[in-house]
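Residues per chain are reported as follows:
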Amino acid sequence: MTTKELRQAFLDYFWKQDHLVLPSFSLIPSDQSTLFTSAGMQPLIPYFLGIAKPPQPRIATCQKCFRADDIDKVGFTWRHLSFFEMLGNFSFGDYFKREAIRFAWEFMTEVVRLPKERLWVSVYEEDDEAYEIWRKDIGLPEERIVQLGKKDNWWGPVGDTGPCGPDTEIHYDRGEEFGCGNPDCKPGCDCDRWGELWNLVFQQYDQQKDGTLLPLPKPGIDTGMGLERLAAAIQGKVTVFETDIFFPLVQHICQLLNYEYGRDEGQGTGDELITSPLASRPAPHSLNRDIAVRIIADHARAVCFMAAEGVVPSNEGRGYVMRRFIRRAMRLGRLFGVEDPFVHKLVPTVVQLMGDPYEELVKSQNIISEAILREEERFEQTLGIGMARLGEMIAETKARGETVLRGRDAFTLYDTYGFPFELTVEICAEQGLTVDEDGFRKELELQRQRARERMKFVSPFEVGEFEGLPPTKFVGRMPEPDGVLECEAVVLAIKQRNDEVWIVLDKTPFYPESGGQIGDTGTLIWDGERGTEEGAKAIARVLDTQKFGDVIAHKVAMEKGFLTEGAVVWAQVDAERRQAIRRAHTSTHLLHAALRKVLGEHVFQAGSVVEPDRLRFDFTHPKPLTPEELQAIEEEVNRQILAAHHVEAIETTLQEAKAMGAMALFGEKYGEIVRVIKVEGVSMELCGGTHLSNTAEIGLLKIIAETSVGANIRRIDAYTGERARKWYEERWQLLQQAADALGTQPERVTEAIEELREQIRELERRLQEAEEQRALQQINELLQQVQEVEGIKVVTGVVSGVSPSVLRRLADELEVRLRSGVIVLGTIDDGKVVLVSKVTKDVVAKGGHAGRLVGEVAKLTEGGGGGRPDFAQAGGRNPAKLQDALRKVPELLSQQIRRP
């Protein structure tokens, strides 16, 4: 059976067992505690915890997964991969151990027909129930049921908390030839004889942060089987890399590396080993060529799936993992002698092998290739410098008699040269050194702290300044989504430091700066008519609003009187400004959706700034946008504005929001209760900002700039609403003025400009012709002033009123007329001296040199220049000295000719 057939056979089998078959969830989890989806059950955690209702109590999937935990084993063992497909069947309070074990055994022995005598199982040593099911219900001999401890037969949770429980595993006996030779060898041994194929996890507990195990409301079944491992067993392959889903990629890599796979069998020794260029001899753990090829294949496949889901190489989070994989593959390629980028060339093969059923690979193939190529080119530029610097650091470390490379040095390589830390570790290991990882992590954290300090809001206050105050109740978006823009409030605290005054109220309609949206401004009125300033004892203008922990503080400037703690004030948000901010914020959601529609689903928000009728939106994309793409994006946003979509704000639990399909921003911290902004049929995102109730209220969006803000991160600046209207109005006025000046209608401005340019070109042509004619008329006059130096004819002179190009034309004509000799002409152009020199070939043979000659003349005019022996140009800064400088030409030429 092919891998594709195995995948479908599994899903078909469980469909017949009343399971709902779902497509793979994203490789990017909505759970922000992990970078990637690492197990089939991870997207289903809300169902296991009972905080969301599953669409059906039985579910089956083939899930895209990524794990970097065993990266040091990838390529070395028959089964380890970073990216893999996990087959899984799940029960949420429906069936439990007996049915799960029966399903697994039936599929393995009757559907894919693995030999029963080669199947062993392991169970958790305290799980007597599972042991008895295997022994009595399935009829497996006791000697093929192995009881192991928590290390081997306990699963979960994903991350620090969540569902977990005992498990039972099905192992495939690959044969004694893969074993360790121990007569008591059985599952649990670290040798390669036993292939763990299927893990059946009995989800019974919810692990808390302190390690406490709480019983789950409804125990469930979570199983996971590596598709690639199953394919290797079914197809009788030595490793997963020889299966039909992998081997064409391996062959493509070998073609690019000019290597025949299988040449280096086993680990090999001596000359068969590939080592770092820095290594003087093979290290014990050096790679043979087959292992190197397998690692490249694994990494290429992984980065393709990352890029298809919008991950871009960077120095943080997922982007760093992707960068590390691309650069590691590149380095392995260099060890084969391939120094040019090659990883991106593997993308078509990955797409061909896995585009069915993963259509995102097909849709994003060009984007994937470009993202990988750009990172390869970037690494190519820095690798040589980084390798050289690391070599120096290793030499310095050894010279000090040390065996550990300093963490500070490793961080310098990482921060300055973009050199992956893991690559530093690998190369140092080849030189018999280790790396101070703790020191590296310390330097990295210090850098991040410095970055946070630079980015955070600058205020004289810290969170502790407002300690003891109750959380501020924000009423600025109740009812949803319009928001209360004014209310009565009590002054709880007044803080003053330097020239700033900050006021804390018990409740406020003022939105504090958050999520890229700037803080509200407005007015606080004490003891005046409600909603007016007439008769007020005190008036404070709110200049900014910020949040310190759970406390919202208002930066104010007192316009009248003073405020005291306990005063009851009327808080009014600047409604017009707030509305302009809402227009811009809702527009960012439409823009995000438009970018993903036009450019592809690899696009994700990477930051934003929302101001009154102005927005800045950063997003992941590997290259500048074309004018056509920008136009399509802008048109799409304005199309959705005109569609007058209803904008709905929904408060729900985080898990329910994820189940709804709401998009979360990586790196953002969300509480258990979140707010979803839904634009029907267009966008659904987690967002705590203020929004419109209908997209038509935006009016208009105009993109004004698209720029780069970093590797693979682009930025769009845009205007909305009134500001966009004014932008168009200003440009219409400019267009009208231009039309008036051209004596035409606005719609004919471009055509009129082109006609005018053609007229100008024609006039310039005529002017140059006239200029040349006038200049050529001076030829006879110049020829009458011929001098002879050492038997050589010399023509010099100042030609007035000509351009440098005409001066060169005049020198050419003089050379034709003179036939043999030296010509040095000068003119004054835009207040500066221009010199041209020509020396005929026969004079060059006698020692004449136009470049040196004109250079000396130029020095006399406070300038310089030079060129070939037969032709040269130069310039000077002092026109007053031009005539005297030209008089020196005969003397300078004579010195050239007489020079031995």
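Nothing here was measured: the structure is a model prediction, and the numbers come from that model.

Further remarks concern the overall build of the protein chain. A tally of regular secondary structure across the protein chain gives 26 helices and 32 strands. Expected size for 900 residues packed as a compact globule is a radius of gyration near 29 Å; at 38 Å, the protein chain overshoots this value by more than 25%. Residues counted as buried form 51% of the 900 residues belonging to the protein chain. For the protein chain, long-range pairs separated by at least 24 residues make up 67% of all intrachain contacts whose partners lie at least 6 apart in sequence. Surface summary for the protein chain: the accessible area is close to 41500 Å², and the carbon and sulfur share equals 47%. Charge separation in the protein chain, taken as the distance between the mean sites of 111 positive and 141 negative side-chain charges, equals 4 Å.

A few words now on a negative patch on the surface. Together, Glu-339, Asp-340, Glu-377 and Glu-380 give the surface a local cluster of negative charge. With respect to the element layout, Glu-380 can be found in helix 12 (residues 365–399).

Spatially, the four strands line up as an open sheet ordered 20-21-26-25, and their pairing is antiparallel. For this open sheet the edge positions go to strand 20 (605–611) and strand 25 (701–710), each flanked by a neighbour on one side alone. With direction set aside, neighbouring strand axes in the sheet form an average angle of 15 degrees. Here eight bridges tie strand 25 to strand 26 (residues 713–720), and the two strands are oriented antiparallel to one another. What sits directly across from Ile-703, in strand 26, is Ala-718. Together, strand 25 and strand 26 form the strand contacts of helix 17 (residues 627–642), whose direction differs from that of strand 25 by roughly 135 degrees. On the sheet, helix 19 (residues 721–742) packs against strand 21 (614–620), strand 25 and strand 26 and is oriented at approximately 85 degrees with respect to strand 26.

The geometry of helix 12 relative to helix 13 (residues 407–417) is characterised by a closest axis approach of 10 Å and an angle of 165 degrees between their N-to-C directions. In terms of their interaxial angle, helix 12 and helix 13 are classed as roughly antiparallel. When the axes of helix 12 and helix 13 are compared, the crossing they make is right-handed. Residues Thr-382, Ile-385, Gly-386, Arg-389, Leu-390 and Met-393 of helix 12 pack against Asp-409, Thr-412, Leu-413 and Tyr-417 of helix 13.

Core analysis: the biggest nonpolar cluster contains 133 residues, and Phe-107, Met-108, Trp-134 and Trp-198 have the highest contact counts within it. Examining the composition of this core, we find that 14 residues originate from one element, helix 8 (residues 289–308), more than from any other. Residues contacting Trp-134, with those up to four places away along its chain left out, are Ile-101, Trp-105, Val-121, Val-123, Gly-139, Leu-140, Ile-145, Thr-168, Ile-170 and Leu-200. Formed by 29 residues, the second largest nonpolar core is a distinct cluster that contains Ile-518, Leu-595, Val-603 and Leu-692.

Further remarks concern the pattern of salt bridges. Within the structure shown, the criterion is met by 59 salt bridges. The salt bridge involving Asp-94 is made with Arg-58; its shortest N-O contact spans 2.5 Å. Pair noted here: Asp-94 is in the loop between strand 3 (83–92) and helix 3 (97–111) and Arg-58 is in strand 2 (residues 58–66), with a separation of 36 residues, a long-range link. Classification of Asp-94 as partly exposed rests on a relative accessible area of 39%. The salt bridge partner of Glu-228 is Arg-301, with a shortest N-O separation of 2.8 Å. With Glu-228 in helix 6 (residues 227–235) and Arg-301 in helix 8, this pair connects stretches of sequence that are 73 residues apart. Relative accessible area serves as the criterion here: at 2%, Glu-228 is assigned to the buried category. Judged by its relative accessible area of 1%, Arg-301 falls in the buried class. Connected via shared salt-bridge partners are Glu-132, Arg-135, Lys-136 and Glu-142.

Moving on: the packing of aromatic side chains. Pairs of aromatic rings are described using the distance from one ring centre to the other and the angle between the two planes. Tallied over the entire structure, the rule returns 32 aromatic pairs. Measuring from centroid to centroid gives 6.5 Å for Phe-617 and Phe-619, while their planes differ by 25 degrees, and the two rings are stacked. Residue Phe-617 is classed as buried on the basis of its relative accessible area of 0%. The exposure class assigned to Phe-619 is buried, which follows from its relative accessible area of 0%. Directly above the ring of Phe-421 sits Arg-441, whose terminal nitrogen or CZ lies 5.2 Å from the centroid. We note Arg-596 situated over the ring of Phe-604; from NZ or CZ to the ring centre the distance is 4.7 Å.

Residue placement: Asp-520 occurs in the loop between strand 15 (507–508) and strand 16 (522–526). A relative accessible area of 1% places Asp-520 in the buried class. A distance of 2.7 Å separates the side chain of Asp-520 from the backbone nitrogen of Tyr-511, its partner in a polar contact.

Bringing the side chain of Gln-640 into the picture now. Along the chain, Gln-640 turns up in helix 17. Assessed through its relative accessible area of 14%, Gln-640 is described here as buried. With residues up to four places along the chain from it excluded, the contact list for Gln-640 reads Leu-590, His-645, Val-682 and Thr-695.

Cut-offs used in this document
- Along each chain, numbering runs from 1 in the same order as the chain's sequence is written.
- Per-residue local features of the predicted model are confined to residues with pLDDT of at least 70, and side-chain atom pairs are confined, for both listing and counting, to 80 or more; whole-chain, interface and lining totals are unaffected and use all residues.
- Based on all heavy atoms of the structure, the side-chain values leave hydrogens and waters out of the count.
- Secondary structure is summarised from DSSP: a helix means a run of H or I of at least four residues, a strand means a run of E of at least two, and numbering begins at the N terminus for each.
- The atom set for the radius of gyration is the C-alpha atoms, and the globule formula is 2.2 Å times the number of residues raised to the power 0.38.
- Throughout, exposure labels follow a simple rule: accessible area from a 1.4 Å probe, protein chains only, divided by the maximum for the residue type, with under 20% read as buried, over 50% as exposed, and the rest as partly exposed.
- Contact criterion: two residues are considered in contact whenever any of their non-hydrogen atoms come within 4.5 Å of each other.
- We get accessible surface area from the Shrake-Rupley algorithm with a probe of 1.4 Å; when it comes to residues, only the shown protein chains can shield them.
- Only four residue types enter the tally: Lys and Arg on the positive side, Asp and Glu on the negative side, with His and both chain ends excluded.
- Just so you know, the charge point we use is NZ for Lys, CZ for Arg, CG for Asp and CD for Glu.
- Exposure above 30% relative accessible area and the absence of a salt bridge qualify a residue for a patch, where like charges join within 9 Å and nonpolar side chains (Val, Leu, Ile, Met, Phe, Trp, Tyr) within 5 Å.
- Throughout this description, the term salt bridge denotes a Lys or Arg side-chain nitrogen within 4 Å of a carboxyl oxygen of Asp or Glu.
- One requirement defines pairing of two strands: DSSP has to find at least two bridges between them.
- Comment: axis = line fitted to C-alpha atoms, over the contacting stretch for helices; angle = value between 0 and 180 degrees taken between N-to-C directions.
- Any angle from 65 to 115 degrees is called roughly perpendicular, while one under 35 is roughly parallel, one over 145 is roughly antiparallel, and all others are oblique.
- The handedness criterion is simple: a crossing whose near helix is rotated anticlockwise from the far helix by less than a right angle is left-handed, and one whose near helix is rotated clockwise is right-handed.
- Nonpolar cores were defined as sets of buried Ala, Val, Leu, Ile, Met, Phe, Trp, Tyr and Cys residues, with membership established by side-chain atoms within 4.5 Å.
- Here is the rule: rings of Phe, Tyr and Trp (six-membered ring for Trp) pair when centre to centre is within 6.5 Å. Planes less than 30 degrees apart are stacked, more than 60 are edge-to-face, and the remainder are tilted.
- Sitting over a ring, as applied to charges here, requires NZ of Lys or CZ of Arg to be within 6 Å of the ring centre and within 35 degrees of the ring normal.
- Pairing of N or O atoms within 3.5 Å defines a polar contact, subject to two protein rules: one partner must be a possible hydrogen donor and the other a possible acceptor, and residues neighboring in sequence count only if both atoms are side-chain atoms.

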